Amino acid sequence: MSHSPLPQQAIIAVIGTGAMGAGIAQVVAAAGHRVRLFDARENAAKDAVKGLRAQFVKLAEKGKISAENARAAGERLCAVDQLSDLAGCTLIIEAIVENLEAKQTLFSTLEAIVGADCLFGTNTSSISVTAIGAALKHPQRLAGLHFFNPAPLMGLVEVVCGLATERRVADVLFATANAWGKTAVHAKSTPGFIVNRVARPYYAEALRLAQEGAADYASIDAVMREAGGFRMGPFELMDMIGHDINFAVTQSVWHAFFNDSRYRPSLIQQELVDAGYFGRKSGRGFYDYREGADKPIAQTEAPQTPTGMIVLFGQSPLSHALALRLQQHGVLFTRAPESDGRIAEVGDATIFVTDGRSATQRAAESDLANTVLIDLALDYNTATRLAMSAAAQCQTPAINAAIGLFQAAGYTLSRFRDVPGLAVMRTVAMLANEAADAVNQGVCSAVGADAAMCLGVNYPLGPLAWADRVGVNTIYTVLTHLGRSYGEDRYRISPLIQRAVFAARNLHD
Ligand code: NAI
């Protein structure tokens, strides 16, 4: 049953007026509610109101809202000096310090002030909603209302149910967040909720690639952007988030899952934190942001010629895109309708998309010494750069012919060490695996998981939709091979993916 949002005349309180609380207050006031702001720090709430009024004026000057709406929204904000001023509020959202005891104390104090029907929302990003609720007389009224930073701009709100949360409360908050112009998704209170859990492999696989010397940071970032379609590569993104924060989130999710190896933190990141290299904010992280520091450039293969006959096989997205792009560049080739998985042959080289095996293993198992592998791309038609690797047995002229072929089709190539699964394929497979497990464990729906990742962290495609597009069989194969290569439980395959494969279904079916 769908519930109605809170009516516009409902008064909403925001407690904690730092980065998140101020942003949330902006969203709520813009949506037409009167908002009372409280902060334990003297004058913080008053300053937040001043800042938000100025922000509304700025938005009006930019033409995003009318001057009248800016004035009205500003007037709906009111700083209060004590918690008792929050009696009469319909919903109280807390965005105070990330500390269980502080949040428990706050909400139990509020219970003595507000009416029995007042709802509580916590913006916690990592604390169990169940644990916060445990301190309340009426824990059924509390749900997570997890906004993303910056709250006025990010479209997602995770509505998180603790064990005692009443479903009606979550449904009302869900409808209310939607009425505020956000996309709400339901989540069960489990470590990392949806986004902070499903996003872990985006960082972790990149860190593992770097640790294995697969490629330098700039090359992995460039491939994830230009082939993967992600807005930021994992290393530049971690540098922006700050390694202290990113590492703390990873550790908290890992501990909360009782040290499940799937979430194990990285020694490389630990080193950065130990060194105080927190990223952009401290001038150094994976990259050096100090004045005069060189900007690292992604490794790019030197121009080669595709010597020898070019044959494209089958109708896979890559062979299809190669055909179109070679045609556009006036390069001659022939096509073979059938494919045993191979994408192309050029000279002595045989080219495949990675299936999670190293090129060397694949070359040995298929008795094709001159094996060259290409990474996954979000869209091979528009991708500008691809990662590639070659088998240890592969002869240099064959590698060069393969490089020349992709360059002739207009791709820039970054050559990786021969690691299993390359970058985009391996990351997408693990993102999909994590999202599938969240769905399988009832944390969220498949639609919710994908929406959360697109809106919460700007992924170009939801991981489950991406797995459906690549083929669930392919994801299963890649994970199987990664598991065999590393012998680690980390790559165990979600039962949801296994069932989809055996039922020949998509993950979204
Ligand atoms: P912040 O440090 O910018 O702001 C926290 C504010 O709460 C401060 O103004 C502080 O004076 C006030 N405060 C602390 N204890 C208080 C108490 N007991 N009563 C009243 N006010 C109190 O922190 P930020 O980044 O805004 O985070 C707030 C909450 O939102 C945390 O739970 C955090 O985990 C969560 N969150 C943070 C995100 C982020 O990217 N910064 C994203 C999503 C959630």
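Let me begin by describing the structure that accompanies this report. Since we're looking at a predicted model, the values are computed, not measured.

The rules behind the values
Residues numbered from 1 in each chain as written. Predicted model: local features only at pLDDT ≥ 70, side-chain atom pairs only at ≥ 80, totals over all residues. Heavy atoms only, no water. Pairing = 2+ DSSP bridges. Helix = DSSP H or I, 4+ residues; strand = E, 2+ residues; numbered from the N terminus. Axes fitted to C-alpha atoms, helices over the stretch in contact; angles between N-to-C directions. Contact = heavy atoms within 4.5 Å. Expected span 1.5 Å × (residues − 1). Buried < 20%, exposed > 50% of the residue type's maximum accessible area, 1.4 Å probe, protein only. Core = buried A, V, L, I, M, F, W, Y, C linked by side-chain atoms within 4.5 Å.

### Quick notes on the pairing of strand β8 (residues 183-188)
As paired elements, strand β7 (residues 156-161) and β8 share six bridges and run parallel to each other. Paired with cysteine 161 across the strands is lysine 188, a residue of β8.

### Overview of the sheet that holds strand β3 (residues 77-79)
A sheet is described by the order of its strands in space; here eight strands give the open sequence β3-β2-β1-β4-β5-β6-β7-β8, paired in mixed fashion. Looking at which strands have only one partner, the edges of the open sheet turn out to be β3 and β8. Pairs of neighbouring strands in the sheet enclose a mean axial angle of 25°, with direction left out of account. Of the pairings in the sheet, the one linking strand β5 (residues 119-122) to strand β6 (residues 142-147) comprises three bridges and is parallel in character. When the bridges of β6 are listed, glycine 121 appears paired with alanine 143. Strands in contact with helix α2 (residues 44-61) are β2 (35-38) and β3; relative to β3, the strand with the most contacts, it is inclined by about 160°.

### Overview of helix α15 (residues 396-408)
Under the 1.5 Å per step criterion, the end-to-end length of α15 is 18 Å for 13 residues, consistent within 8% with the ideal 18 Å. Counting buried positions along α15 gives 10 out of 13 residues, so the element sits mostly inside the fold. Of all the positions in α15, only Ala398, Ile399, Ala401, Ala402, Ile403, Gly404, Leu405, Phe406, Gln407 and Ala408 are classed as buried. Where α15 terminates, the next one or two residues include glycine 410, which has phi positive at roughly 90°.

### Let's talk about the nonpolar core
If you look at the biggest cluster of nonpolar residues, it comprises 132 residues, and the most contacted ones within it are Ile92, Ile351, Leu386, Phe406 and Tyr411. Per-element tally for this core: the top contributor is helix α16 (residues 424-440), with 11 residues. Once residues within four sequence positions are removed from consideration, isoleucine 92 is found in contact with Ala13, Ile15, Leu86, Phe107, Leu110, Val114, Cys118, Leu119, Phe120 and Gly121. Residues Val27, Ala73, Ala95 and Leu119 belong to the second largest nonpolar core, which totals 41 residues.

Just distances and angles here, no functional claims.
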